[in-house]
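Architecture at a glance
If you want the building blocks of each chain, they are given just below.
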Amino acid sequence: MDENGIEDLLKRVQRVEEPPFLFTRIEARLIHEVPVPRTRFMLVACAIAVLLVANVTVIMRSHASSATAATAEMMDAMGMDASNQFYP
């Protein structure tokens, strides 16, 4: 979709009137909510961090081993020399 079409759609949207005292009702609900215990929050944060580190480690290891093999195979197929010398 092009940019002009989106802008035309947004121009046709009409503003909606908010109900009175909406913000105070939202604040009242937030006050009565039960907070998440700090231990549960820390446990979830640590689990996400461990999962993120494990994913990055696996990706880095698989990328390093497959990238060199794939590059060597591509260079062999194209008949390129892997030497860094200027003159053969």
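Keep in mind that what you see is a predicted model, and the values were worked out from it rather than measured.

Observations regarding the overall build of the chain
When helices and strands are tallied, the chain shows 3 helices and 0 strands. Mapped from its N terminus to its C terminus, the chain presents α and β elements in the order α-α-α. A buried classification covers 2% of the 88 residues belonging to the chain. Counting every atom, the chain has about 9100 Å² of accessible surface; 66% of that belongs to carbon and sulfur.

Comments concerning unusual backbone geometry
One non-glycine residue with positive phi stands out, namely F21, at about 60 degrees. Tracing the backbone through its elements, the reader meets F21 in the loop between helix 1 (3-12) and helix 2 (22-32). The class of F21 is exposed, set by a relative accessible area of 65%.

A word on a nonpolar patch on the surface
On the surface, I6, L10 and V13 cluster together into a nonpolar patch covering about 290 Å² of accessible area. In this fold, V13 is placed in the loop between helix 1 and helix 2.

A look at the confidence of the model for the chain
Per-residue confidence for the chain averages 83 on the pLDDT scale, and 84% of its residues sit at or above 70. Within the chain, no element has a lower average pLDDT than helix 1, which sits at 82, and none a higher one than helix 2, at 89.

Scoring rules and cut-offs
- Residues numbered from 1 in each chain as written.
- Predicted model: local features only at pLDDT ≥ 70, side-chain atom pairs only at ≥ 80, totals over all residues.
- Heavy atoms only, no water.
- Helix = DSSP H or I, 4+ residues; strand = E, 2+ residues; numbered from the N terminus.
- Buried < 20%, exposed > 50% of the residue type's maximum accessible area, 1.4 Å probe, protein only.
- Areas by Shrake-Rupley, 256 points an atom, 1.4 Å probe, with all protein chains shown as cover.
- Patch = residues over 30% accessible without salt bridge, like charges linked within 9 Å, V, L, I, M, F, W, Y side chains within 5 Å.
- Salt bridge = Lys/Arg side-chain N within 4 Å of Asp/Glu carboxyl O.
- pLDDT = per-residue confidence, 0-100.

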